[in-house]
Amino acid sequence: QVQLVESGGGLVQAGGSLRLSCAASGRTFSQYGLGWFRQAPGKEREVVAAIHRIGSITYYVDSVKGRFTISRDNAKNTVYLQMSSLKPEDTAVYYCAVTGRLIATRPNEYNYWGQGTQVTVSS
């Protein structure tokens, strides 16, 4: 039983930065892989970043490499997504999720999802 709550979204100008947080309750996620996904209007949900349960191995979709950083703090049951050099194309609802795998990149490999937080990047 895992409950996830995202926060940190909002409106930001192109080139700016945001830090998303996802806090878990109900069960510690230290044993799980974690991921961030996003979904723009009319688009399929896509993986943005994923982090191994150990934390030393990460994955990023090509479009965010060099701009986004995923990290985790197991002591706080929290996963973060630091986003910099934001572009209007990054506008979407961002979701955090938990997988029972060590690390995963496909939505159907994730078992628990947060409600999502809106990120809007203006030009």
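Above this text is the structure in question.
All figures in this text were calculated on a predicted structure; none of them were measured in a lab.

(A) A look at the state of the cysteines. A complete count under the given rule lists one disulfide for this structure. Paired through a disulfide, C22 and C96 show a sulfur-sulfur distance of 1.8 Å. With the S-S dihedral at roughly 50°, the linkage between C22 and C96 falls on the right-handed side. Of the two residues, C22 is situated in strand 3 (residues 18–25) and C96 in strand 9 (residues 92–99); the sequence distance between them amounts to 74 residues. This pair shows no difference in class: C22 is buried, exactly as C96 is.

(B) Focus on the sheet that holds strand 1 (residues 3–7). Taken in spatial order, the four strands make up an open sheet running 1-3-8-7, and their pairing is antiparallel. The open sheet has two edge strands, strand 1 and strand 7 (68–73), and neither has a second partner. Mean inter-strand twist for the sheet, computed between neighbouring axes without regard to direction, equals 15°. Examined bridge by bridge, strand 1 and strand 3 share five bridges and lie antiparallel to one another. Among the inter-strand pairings, E6 is bridged to a residue of strand 3, identified as C22.

Calculation criteria
- Residues numbered from 1 in each chain as written.
- Predicted model: local features only at pLDDT ≥ 70, side-chain atom pairs only at ≥ 80, totals over all residues.
- Heavy atoms only, no water.
- Disulfide = S-S within 2.5 Å.
- Helix = DSSP H or I, 4+ residues; strand = E, 2+ residues; numbered from the N terminus.
- Buried < 20%, exposed > 50% of the residue type's maximum accessible area, 1.4 Å probe, protein only.
- Pairing = 2+ DSSP bridges.
- Axes fitted to C-alpha atoms, helices over the stretch in contact; angles between N-to-C directions.

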